[in-house]
Amino acid sequence: MMPRFTPHPPSSRARFALWATRRTLRPLEHVVPDGVLGVKVTRRLLAGMMAGAGTSPLGVEVTPVDSTTERFGRVKGEWVRPTTPRPGMVVLYIHGSGYNLCSTKTHRPLVSRLAKETRVTVFSAEYRLAPEHPFPAAPDDIERAYDWLLAQGWTADQIVVAGDSAGGHLTLDLAVRLLREGRDLPAGLVMFSPLADVTCSLITEREKALPDPMLSAAGVRKLFAHYLLDTDPLHPRLTHVLEPGEVLPPTLIQAGGAEFLAADAHHIADMLEASGTDVALEIWPGQMHVFQAANRMVPEADQALRRAAKFLVSALQASTAAAEAKEATA
Amino acid sequence: MTSKVSKNARAIVTGAASGIGQAFAIELARRGGQVVVSDIDMVGAQRTVTVIEDNGGTAIAVHCDVSRLDSVQDLAAEACRWFEGVPTLVINNAGVGAGGNVVGDAPMEDWQWTLGINLWGPINGCHVFAPMLRDAAAAGESVGIINVASAASFGAAPRMAAYNVSKAGVLSLSETLAAEMVGTGVKVSVLCPTFVKTNIVTSGRINAKASAAASRLMQFGMSADKVARICLDTHDRGGLYVMPQIDAKVGWQIKRTIPHTYTRVVGLLERYGPLGGDDSLPETSVHPHPVADPATSDKEN
Ligand SMILES: NC(=O)c1ccc[n+]([C@@H]2O[C@H](COP(=O)([O-])OP(=O)(O)OC[C@H]3O[C@@H](n4cnc5c(N)ncnc54)[C@H](O)[C@@H]3O)[C@@H](O)[C@H]2O)c1
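The following refers to the structure shown.

Cut-offs and rules
- Residues numbered from 1 in each chain as written.
- Chains lettered and ligands numbered in written order.
- Predicted model: local features only at pLDDT ≥ 70, side-chain atom pairs only at ≥ 80, totals over all residues.
- Heavy atoms only, no water.
- Helix = DSSP H or I, 4+ residues; strand = E, 2+ residues; numbered from the N terminus.
- Rg over C-alpha atoms; globule rule 2.2 N^0.38 Å.
- Buried < 20%, exposed > 50% of the residue type's maximum accessible area, 1.4 Å probe, protein only.
- Contact = heavy atoms within 4.5 Å.
- Areas by Shrake-Rupley, 256 points an atom, 1.4 Å probe, with all protein chains shown as cover.
- Phe/Tyr/Trp six-rings, centres within 6.5 Å; stacked < 30°, edge-to-face > 60°.
- Lys NZ or Arg CZ within 6 Å of the ring centre and 35° of its normal.
- Expected span 1.5 Å × (residues − 1).
- Axes fitted to C-alpha atoms, helices over the stretch in contact; angles between N-to-C directions.
- Parallel < 35°, antiparallel > 145°, perpendicular 65-115°, else oblique.
- Left-handed = near helix turned anticlockwise from the far one by under 90°.
- Nonpolar A, V, L, I, M, F, W, Y, C, P; charged D, E, K, R; others polar.
- Buried area = accessible area lost by both parts, 1.4 Å probe.
- Salt bridge = Lys/Arg side-chain N within 4 Å of Asp/Glu carboxyl O.
- Polar contact = N/O pair within 3.5 Å; in protein donor to acceptor, adjacent residues only side chain to side chain.
- Near = heavy atom within 4 Å.
- Pairing = 2+ DSSP bridges.

**As for the overall build of chain A**
Item 1. Within chain A, the regular secondary structure consists of nine helices and eight strands.
Item 2. Radius of gyration (C-alpha) of chain A: 19 Å, near the 20 Å computed for a compact globule of 330 residues.
Item 3. Overall, the C-alpha framework of chain A stretches about 60 × 45 × 40 Å when taken along its three principal axes.
Item 4. Counting every position in chain A, which comprises 330 residues, the buried fraction comes to 55%.
Item 5. Sequence-distant contacts, at least 24 apart, represent 80% of the contacts inside chain A between residues at least 6 apart.
Item 6. Accessible surface, chain A: about 14,200 Å² in total, of which carbon and sulfur atoms supply 58%.

**What to know about the packing of aromatic side chains**
Item 1. Scanning the model with the defined rule gives eleven aromatic pairs over all chains in all.
Item 2. Centroid distance A:Phe123 to A:Trp148: 5.0 Å. Interplanar angle 40°. Geometry classified as tilted. Linking A:Phe123 in strand S4 (residues 121-125) with A:Trp148 in helix H4 (residues 137-151), this pair joins segments that are 25 residues apart in sequence. For the pair formed by A:Phe123 and A:Trp148, the shared burial category is buried.
Item 3. Stacked on the ring of B:Trp113, the Lys or Arg B:Arg205 has its end atom at 4.1 Å from the ring centre.

**Description of H4(A)**
Item 1. The end-to-end C-alpha distance of H4(A), which contains 15 residues, comes to 21 Å, matching closely the 21 Å that a straight helix rising 1.5 Å per residue would cover.
Item 2. Of the residues making up H4(A), those classed as buried are A:Ala137, A:Ala138, A:Pro139, A:Asp141, A:Ile142, A:Glu143, A:Ala145, A:Tyr146, A:Trp148 and A:Leu149.

**A closer look at the packing of helix H3 (residues 108-118) of chain A against helix H9 (residues 300-329) of chain A**
All names here are of chain A.
Item 1. One way to put it is that H3 packs onto H9 with a least axis distance of 9 Å and a crossing angle of 55°. It follows that H3 is oblique to H9 by the angle criterion. The handedness of the crossing between H3 and H9 comes out as right-handed. Residues Leu 110, Arg 113, Leu 114, Glu 117 and Thr 118 of H3 form the contact with H9, whose own contacting residues are Ala 301, Asp 302, Leu 305, Arg 306, Ala 309, Leu 312 and Val 313.
Item 2. Taken together, the residues of the contact of H3 with H9 sort by class into seven nonpolar, one polar and four charged.

**Details of the interface of chain A and chain B**
Item 1. Taken together, the 13 residues of chain A in the interface contact nine residues of chain B.
Item 2. Of the roughly 910 Å² buried at the junction of chain A and chain B (both faces included), carbon and sulfur atoms supply 53%.
Item 3. Considering only the side of chain A, the residues that lose the most area to chain B are A:Glu205, A:Arg206 and A:Ala209, jointly responsible for 42% of the buried surface there.
Item 4. A salt bridge links B:Arg47 to A:Glu205; the nearest nitrogen and oxygen atoms lie 2.9 Å apart.
Item 5. The interface formed by chain A and chain B holds seven residue pairs in polar contact (both at pLDDT 80 or more) in total.
Item 6. Contributing elements (two or more residues each) for the side of chain A that touches chain B: helix H6 (201-209), helix H8 (262-275) and strand S8 (279-284) of chain A.
Item 7. Looking at which element gives the most residues to the side of chain A that touches chain B, the answer is H6(A), with four residues.
Item 8. Class assignment for the residues of the side of chain A that touches chain B results in seven nonpolar, three polar and three charged.

**Focus: the site of the ligand**
All names here are of chain B.
Item 1. Taken together, 30 residues sit near the ligand, with Ser 18, Ile 20, Asp 39, Tyr 163 and Thr 198 positioned nearest.
Item 2. The separation between an oxygen atom of the ligand and a polar side-chain atom of Ser 18 is 2.5 Å.
Item 3. Within the backbone of Val 196, an N or O atom sits 2.8 Å from an oxygen atom of the ligand.
Item 4. A total of 830 Å² of accessible area belongs to the ligand in isolation, and the protein chains cover 94% of it.

**Some words on the sheet that holds strand S2 (residues 34-39) of chain B**
Residue and element names in this part refer to chain B.
Item 1. Spatially, the seven strands line up as an open sheet ordered S3-S2-S1-S4-S6-S7-S11, and their pairing is parallel. Two strands close off the open sheet at either side, each with one partner strand: strand S3 (58-63) and strand S11 (241-242).
Item 2. Relative to S11, strand S7 (residues 186-191) runs parallel, the two sharing two bridges. Residue Val 190 lies in a different strand from S11, and its bridge partner there is Tyr 241.
Item 3. Against the sheet, helix H2 (residues 42-54) contacts S2 and S3, and its axis sits at roughly 175° relative to S3.

Laid out in structure tokens, this is it:
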């Protein structure tokens with residue numbers, strides 16, 4: 001059993017990080033140009049920032065994957081393997097992107113720390129991004145990566161799907177899709193600062209109460225516009241509405257109290273709970289977006305990641321045990 | 001005894017589902033307080049509570065219509081139960097925007113509605129809470145009361161009579177209360193901002209044309225959280241008048257030095273200035289203003 005989450009006031013380093021970010025990053029948004037050029041500038045900026053905020057652990061091996069087969073098309077990503085991986089378990093990790101930014105490379109430190117902490121092998125998936133590739137390129141790529149994992153010999157009960165930000169949105173989308181297609185569901189889901197509402201109305205309401213230290217709702221809306229183009233944001237694969245009884249695998253959601261997606265995290269947790277899913281929501285006071293990645297800046301990054309690792313491993317253990325028991329009685 | 005009122009307060013904020021009230025509630029929780037978030041909009045009030053709890057603070061949402069005395073009395077009872085004691089800081093913030101018509105054209109129900117909330121709200125709040133605060137101060141606690149008026153309380157801008165009157169009343173109420181509280185230990189402040197970026201224009205009864213102009217001005221407004229921080233700091237220092245913006249301070253000084261000239265200039269500005277319509281015809285319609293003028297209709301949505 002996981003120890004209960006008891007929110008603590010943010011550490012002094014976290015308070016400093018919040019203060020410093022509000023004064024340095026937020027003003028940057030006014031300097032970065034709009035449109036495709038802005039996306040390119042931001043990609044560079046973010047890569048530098050993420051490299052500065054987190055550290056990569058030793059003893060984790062990264063192997064790139066770029067496979068094109070007739071059955072799955074192109075699957076890109078990387079294996080991230082701890083020294084002594086637990087057998088018969090794997091994580092599909094979907095990095096955050098705002099649907100425009102970042103890559104497996106920017107998220108390699110975070111994913112490596114997750115692999116080391118869980119001792120579970122991770123497949124960190126690459127997916128196509130806007131503005132070059134709008135919806136539905138991203139969720140299609142993720143579903144292909146999942147099917148490709150199954151074809152490597154893994155079974156659904158051996159897989160946990162995890163993701164941050166837009167990667168959390170894609171995690172939800174994949175799970176809902178598998179459920180509605182009547183397929184086996186993964187052992188569990190982990191979402192760090194997940195996105196739920198691409199219309200940005202939750203982000204806008206939250207911003208009025210507590211502006212995010214990094215970015216504005218207007219900035220996020222511009223990024224999403226590249227991804228959505230003419231697609232109705234209420235499209236069922238963009239706005240997920242679970243009916244009661246549509247039960248997803250056990251889910252852990254973590255988000256920062258000071259961030260723009262906190263209301264989105266609440267929304268997903270409420271929806272999953274109403275549908276009958278076993279869901280745990282942890283909002284970490286005073287923390288920023290995907291603070292788990294910033295272990296060089298805030299001590300809460302490791303604390304939260306450790307909790308996520310514990311959840312993830314016990315979900316995998318429970319589901320593989322259940323699968324074995326089923327096999328034994330069959 | 002000498003500790004700051006805004007620190008670790010047992011606070012009640014009215015109209016805390018949105019705007020300045022929401023900012024007060026969040027800032028007070030950040031300063032360690034237990035906050036009663038009250039409003040007629042319970043969805044918004046709950047949203048404020050969630051933001052506070054997400055950041056490790058303590059708050060509850062309580063329904064209260066400030067224009068009704070019994071509702072404010074219920075709020076006091078509910079808050080005292082939750083605090084297990086009396087409040088130490090009350091912020092009478094709830095208020096609505098109204099305007100666009102000159103005196104004589106403004107519908108009487110707008111007068112009643114505006115005065116009912118903006119003036120009777122703080123009157124009810126002071127009536128119910130002043131005795132409690134006096135007792136708490138006598139028991140040695142740091143206590144205070146903040147009434148949210150507006151620069152309109154002395155600005156006398158045309159086409160806003162009901163609003164101006166309500167806010168002038170709040171200013172006078174606060175000054176009187178401050179005089180009465182001298183020596184009791186209860187601090188009294190009155191907040192008089194000009195433009196603050198909130199939902200007040202879109203949620204009030206302001207006719208289309210005036211609301212388009214107000215929305216434009218609003219963009220230059222101060223953020224609600226900054227206003228709340230400045231106000232709480234001034235209150236802690238014992239300041240009665242809180243004017244967070246320079247334009248309010250300047251207007252206040254001019255009005256007090258040359259009141260007659262001030263009023264004439266404001267009137268002329270309204271008629272011929274950049275904000276006023278150059279039409280000399282008064283607006284005759286009641287809210288919601290039917291879209292008649294194609295030049296303004298596109299600014300509404
Ligand atoms: N925004 C400005 O530019 C500005 C300037 C000067 C003064 N003010 C004053 O600040 C105060 C707050 O306004 P705001 O700008 O945050 O507006 P807002 O509209 O964003 O918030 C006002 C809140 O009061 C609530 N409310 C309305 N009627 C109520 C009632 N009868 N009982 C309880 N709650 C009620 C509303 O539901 C809303 O949540 C008001 O008194 C307003 O007059 C605002």
